[in-house]
Amino acid sequence: MKKILLASAAIAFGATGAYADDVKMGVLLGFTGPLESLAPGMAKGAEMAIKEVSESGKLLGGDTVTPIEADSTCVDAAAATAAGETLVTSDKVSGIVGAMCSGATTAVLQNVAMANGMVMISPSATSPALTTLPDDGLFFRTAPSDARQGDVMADEILEKGIKSVAVTYTNNDYGKGLADSFEKAYEAKGGKVTISAAHEDGKGDYSAEVGSLASAGGDALVIAGYVDQGGSGILRGALDTGAFSKFVFPDGMVSQTLQDNFGSEINGSFGQLPDSAGQGMQTYLGMAKAAGYDGSSAYSGGSYDAAALIMLAMEAANSTDPKVYKDKIMDIANGPGEKIYPGELAKGLELIKEGKPIDYEGATAIKLIGNGEAAGTFREIEIKDGKIETVKYR
Amino acid sequence: MDFLNALVAITNYVIIPATAYGAQLALGALGVTLVYSILRFSNFAHGDTMAFGTGVVILITWGFQAMGISFGPLPTALLALPFGIVITSALMLGTDKVVYQYYRKVKAAPVVMVMVSVGVMFIMNALTRFLIGVDQINFADGARFVINARQWREMTGMSEPLTLRSTQVITVVTAILVVWALFWFLGRTRTGKSMRAFSDNEDLALLSGIDPNRVVAVTWIITGALATIAGTLYGLDKSFKAFTYFQLLLPIFASAIVGGIGNPVGAIAGGFVISFSEVGLTYAWKKVVTYLIPNWEPDGLVQLLSTDYKYAVSFTILILVLIFKPTGLFKGKIV
């Protein structure tokens, strides 16, 4: 009896395996938690790519793709792992777009993806630690590592002739990672970091922190923090006591809030954030608008690209098995071949089928380097007359 | 010139911030000390009373701003302060009626009262969050500076900046006025004298015909007023966030105990001891040393403790005082 059951089960599974024409794709993002406001725009990006491919009917000779959303939260590694586990074992997805925050991503990668040989492409995990983490070639990200931002920021500061800076960072993985990578890059290029001090978010008073930063001195102050948190407190304190008059703002600080609250007080200060210009982004923004959402929301374009990369790689490998198509992702992203922009996924699939090489550019001008992470374009900004203005892209 | 620069740096980064912070702590500690000496328990709900009072003041301030009422160069919150005091004191009296009265009637031990106040603390915690939320709020308006860094540099030609914010001046002036009023009230008025009598010897005070209910009520009203003033000044000077006020409980208790709990003069002295230790021990003295000792620049920051350890400073002082001089600097009483 037992044998018959087993046999019939095996047949049933074999049958679904052989005739399956619906590929499932996990969209594992932090729908709840500290970055919940960003998740909807990212999910819509990924799902738009999935819909585009599904409707074209060109993936592996007519497969459809169904997105399955799951909540990775942002700070709860256990919840993220459980959600990832469900996607892989019960929903049987063939690839995962996600996770969202660096901590959750690390947890899912180590506990779920590597154990099951599942491909993950995160649109938004930026911790430098993920660069060196062993991943069996299963993990990629369409967001640049913060190490790259440290490098860009160091160049920017030195080009302005500033040779010594004080650094303060928010006391978490993001702040520490960014501060460390910046310090390394800046000192290697000949600059001097007078102090690199952490600040805790959510305190009422930052005068002591500002006091030590001022005492260490420097021609400018780099604030690797959050504008809605301690970063603003430090900036306010430094302005009030006259400790610094020039500031450098990484991505966590550049926002409308900064302009509204400080305006002309910080004229001449500058910063940068991951952002891309160009044809791909313009096309993507138009498509998002037509679909009824805001494509300029952070990492939304990167999510589209993450999903698109997975599906194009499946076609290139002629398989939906993550262990097989994982090797194609770098080729698809880096070319050489015809450039593929958002909205041209069907064309990309056709070219691959014809055996021609493609170079997927996508919304964010994707170029994967090293262990499979975006090289990253950054938008350099400067505060002029109380307004944030774009200087250039680098 | 270098000596002057050193002096300005110390004033800008240590003396001015520590004086303002010390005044805020002193007002908080006065409230704690008053409850301790008259009602005979440590009131753990004091930090959250401050948060509640400040929350009310902020709401009224917003109301005034919406109506277009302002206080010239002074923050509108000062106009809202009296209304905040009335509401907070009413809440204090209500809490006493509903909670503390019963425990006084059954003559609960002080430690039981302390636990009761922890319960009150949690309720008030939630109440404040319902009222105004958990976010950080800046509600200071009016002129920001008395002297700002640029004016100072133009005025004196010195390289070191000195700034004096109007909220820092307001804090110190208000604190002086409040302390003067409190001491006048305790020393000169009939009610004040009966409160001191009640504090010194409850039985004797009752025998001589002092109405205990009246003393308790007045104590709560003053505590509510002190908490609201201290909280509003702290919020004006820094910013309001419910959780920060809860954290203030530690330095406030440290101030009260260092000065000698139950002793109003001690509470004030304690506030300044704690604030100057916190700021002074975590300040990086490199700049000052560089100015004072010519031709020598220290490699490190000459910082005794990282600023992360600010609260550890009050805690350490608290423990040292409890071990070596439990009655505090100005002989307080230990129940």
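Residues numbered from 1 in each chain as written. Chains lettered and ligands numbered in written order. Predicted model: local features only at pLDDT ≥ 70, side-chain atom pairs only at ≥ 80, totals over all residues.

- Looking at an unreviewed UniProt entry, chain B carries the name Branched-chain amino acid ABC transporter permease, with the source organism given as Thioclava indica.
- What UniProt states about chain B under its Subcellular location (unreviewed entry) heading is, verbatim, "Cell membrane". (UniProt positions renumbered as here; feature names shortened; annotations may be inferred.)

- Per an unreviewed UniProt entry, chain A goes by Branched-chain amino acid ABC transporter substrate-binding protein and derives from Thioclava indica.
- The record in UniProt for chain A states the following under Sequence similarities (unreviewed entry): "Belongs to the leucine-binding protein family."

### Observations concerning the overall build of chain B
- A tally of regular secondary structure across chain B gives 14 helices and two strands.
- Here the C-alpha atoms of chain B give a radius of gyration of 21 Å, agreeing with the 20 Å that 2.2 N^0.38 yields for 335 residues.
- Expressed as lengths along the three principal axes of its C-alpha atoms, the size of chain B is roughly 70 × 55 × 35 Å.
- Looking at chain B residue by residue over its 335 residues, the buried ones come to 45%. (Helix = DSSP H or I, 4+ residues; strand = E, 2+ residues; numbered from the N terminus. Rg over C-alpha atoms; globule rule 2.2 N^0.38 Å. Buried ≥ 20, exposed ≤ 12 C-beta atoms within 10 Å, placed from the backbone.)

### Some points on the overall build of chain A
- A count of helical and extended segments in chain A gives 15 helices and 16 strands.
- Based on the C-alpha atoms only, the size of chain A along its principal axes is roughly 80 × 45 × 40 Å.
- For chain A, buried positions account for 55% of its 394 residues.
- Taking as baseline every contact in chain A between residues at least 6 positions apart, the subset at least 24 positions apart corresponds to 70%. (Contact = placed C-beta atoms within 7 Å.)

### Some points on the pairing of strand E5 (residues 139-144) of chain A
All names here are of chain A.
- Among the six residues in E5, six count as buried, and that is most of the element.
- The pairing of strand E4 (residues 120-122) with E5 spans three bridges and is classified as parallel. Each residue of the ladder has a partner; that of Met120, found in E5, is Phe139. (Pairing = 2+ DSSP bridges.)

### Here we look at the pairing of strand E15 (residues 378-384) of chain A
All names here are of chain A.
- Relative to E15, strand E10 (residues 270-274) runs antiparallel, the two being bridged by five bridges. The residue of E15 that forms the bridge with Gly271 is Ile381.
- The pairing of E15 with strand E16 (residues 387-393) spans six bridges and is antiparallel. In the sheet register, Glu382 faces E16, and the bridge partner there is Glu389.
- Joining the antiparallel neighbours E15 and E16 is a turn of two residues, in which Asp385 adopts a positive phi near 50 degrees.

### Here we look at the environment of Ser145 of chain A
Residues and elements named next belong to chain A.
- One can find Ser145 in the loop between E5 and helix H6 (146-159).
- On the basis of neighbour counts, which here come to 28 C-beta atoms within 10 Å, the residue Ser145 falls in the buried class.
- Residues Ser145 and Ser181 lie 36 residues apart in sequence; the distance between their C-alpha atoms is 9.9 Å.
- Discounting residues that sit within four places of it in the chain, Ser145 has contacts with Thr126, Pro128, Leu130, Thr131 and Glu373.

### Observations regarding helix H9 (residues 230-241) of chain A
Residue and element names in this part refer to chain A.
- Between the first and last C-alpha of H9 there are 16 Å, a value that for twelve residues agrees with the 16 Å anticipated at 1.5 Å per step.
- Burial analysis of H9 places eleven of its twelve residues in the buried class, the great majority of the element.
- When we look at burial in H9, the residues that qualify are Gly230, Gly231, Ser232, Gly233, Ile234, Leu235, Gly237, Ala238, Leu239, Asp240 and Thr241.
- With its phi angle positive at about 70 degrees, Gly242 sits one or two positions after the end of H9. (Expected span 1.5 Å × (residues − 1).)

### Focus on the domain arrangement of chain A
All names here are of chain A.
- Looking at chain A, the domain boundaries give domain 1 (22-145 + 278-374) and domain 2 (147-274 + 377-393).
- Between the C-alpha centres of domain 1 and domain 2 the distance comes to 31 Å.
- Domain 1 puts ten residues into the contact, and the matching count from domain 2 is nine residues. (Domains from an automatic or database assignment.)

### Some points on helix H12 (residues 300-317) of chain A
Residues and elements named next belong to chain A.
- Spanning 18 residues, H12 covers 26 Å between terminal C-alpha atoms, matching the ideal 26 Å at 1.5 Å per step.
- The buried fraction of H12 amounts to 18 of the 18 residues, a majority that puts the element mostly inside the structure.
- Among the residues trailing H12, Asn318 stands out with phi positive, at a value near 55 degrees.

### Things to note about the interface of chain B and chain A
- Facing 24 residues of chain B, the contacting portion of chain A comprises 19 residues.
- It is helix H1 (residues 2-39) of chain B that contributes the most residues to the side of chain B that touches chain A, three residues altogether.
- For the side of chain B that touches chain A, the residue count by class is ten nonpolar, seven polar and seven charged. (Nonpolar A, V, L, I, M, F, W, Y, C, P; charged D, E, K, R; others polar.)

### Topic: the UniProt feature "transmembrane region" (unreviewed entry) in chain B
All names here are of chain B.
- As annotated in UniProt, the feature "transmembrane region" (unreviewed entry) corresponds to residues 20-39, 51-71, 77-99, 111-132, 168-186, 215-236 and 311-330 in the numbering used here.
- From the first C-alpha to the last, residues 168-186 spans 27 Å; its make-up is 100% helix and 0% strand.
- Between the C-alpha atoms that bound residues 311-330 the distance is 23 Å, and the span itself is 70% helix and 0% strand.

### A word on the confidence of the model for chain B
- In this model, chain B carries an average pLDDT of 91, and 99% of its residues clear a pLDDT of 70 or more.
- Across the interface, the model reports ipTM at 0.76; the global pTM reads 0.74. (pLDDT = per-residue confidence, 0-100.)

### Regarding the packing of H1 of chain B against helix H11 (residues 249-259) of chain B
Residues and elements named next belong to chain B.
- Remark: H1 packs on H11, axes separated minimally by 8 Å, with the N-to-C direction vectors making an angle of 70 degrees. What the angle tells us is that H1 and H11 run roughly perpendicular. Counted together, Leu25, Ala26, Gly28, Ala29, Val32 and Thr33 of H1 and Pro251, Ile252, Phe253, Ser255, Ala256 and Gly259 of H11 form the full contact between these two elements.
- Of the residues assigned to the contact of H1 with H11, the class counts are eight nonpolar, four polar and no charged. (Axes fitted to C-alpha atoms, helices over the stretch in contact; angles between N-to-C directions. Parallel < 35°, antiparallel > 145°, perpendicular 65-115°, else oblique.)

### A closer look at the sheet that holds strand E2 (residues 64-71) of chain A
Residues and elements named next belong to chain A.
- Ordered by their spatial adjacency, seven strands build an open sheet running E2-E1-E3-E4-E5-E14-E13, and the pairing between neighbours is mixed. A strand with exactly one partner marks an edge of an open sheet, and here the two such strands are E2 and strand E13 (368-369).
- Pairing geometry for E13 and strand E14 (residues 373-374), over two bridges, is antiparallel. Among the inter-strand pairings, Leu368 is bridged to a residue of E14, identified as Ala374.

### A few points about unusual backbone geometry
Residues and elements named next belong to chain A.
- Omega for the bond connecting Gly98 with Ala99 falls within 30 degrees of zero, at -5 degrees, which places this linkage in the cis form.
- Structurally, Ala99 is set in the loop between strand E3 (96-98) and helix H4 (102-116).
- Positive phi, normally seen in glycine, also occurs at Leu60, with a value near 50 degrees.
- For Leu60, the location among the structural elements is in the loop between helix H2 (39-56) and E2.
- For Lys92, which is not a glycine, the phi torsion comes out positive at approximately 50 degrees.
- Overall, Lys92 belongs to the partly exposed group, with 13 C-beta atoms counted inside 10 Å.

### Digging into the nonpolar core
- Core analysis: the largest hydrophobic core is formed by 126 residues, its most contacted members being Leu213 and Leu221 of chain A.
- Counting residues per element, this core draws most heavily on H1 of chain B, which supplies 19 residues.
- If we ignore the near neighbours within four places in the chain, the residues touching Leu221 of chain A are Val165, Ala166, Thr168, Leu213, Ala238, Phe244 and Phe247 of chain A. (Core = buried A, V, L, I, M, F, W, Y, C linked by C-beta atoms within 7 Å.)

### A look at the sheet that holds E10 of chain A
Residues and elements named next belong to chain A.
- The seven strands are arranged E7-E6-E8-E9-E10-E15-E16 in an open sheet whose pairing can be described as mixed. Of all strands in the sheet, those with a lone pairing partner are strand E7 (192-199) and E16, marking the two edges. Between one strand and the next, the sheet's axes are offset by a mean angle of 25 degrees, whatever the strand orientation.
- By the bridge criterion, five bridges tie strand E6 (residues 164-170) to strand E8 (residues 220-224) in an arrangement that is parallel. Across the sheet, the residue bridging to Val167 is Val222, located in E8.
- Helix H7 (residues 173-188) contacts E6, E7 and E8 of the sheet and is inclined by roughly 165 degrees relative to E6.
- Contacts between H9 and the sheet are confined to E6, E7, E8 and strand E9 (247-249), with E8 contributing the most and set at about 165 degrees to the helix.

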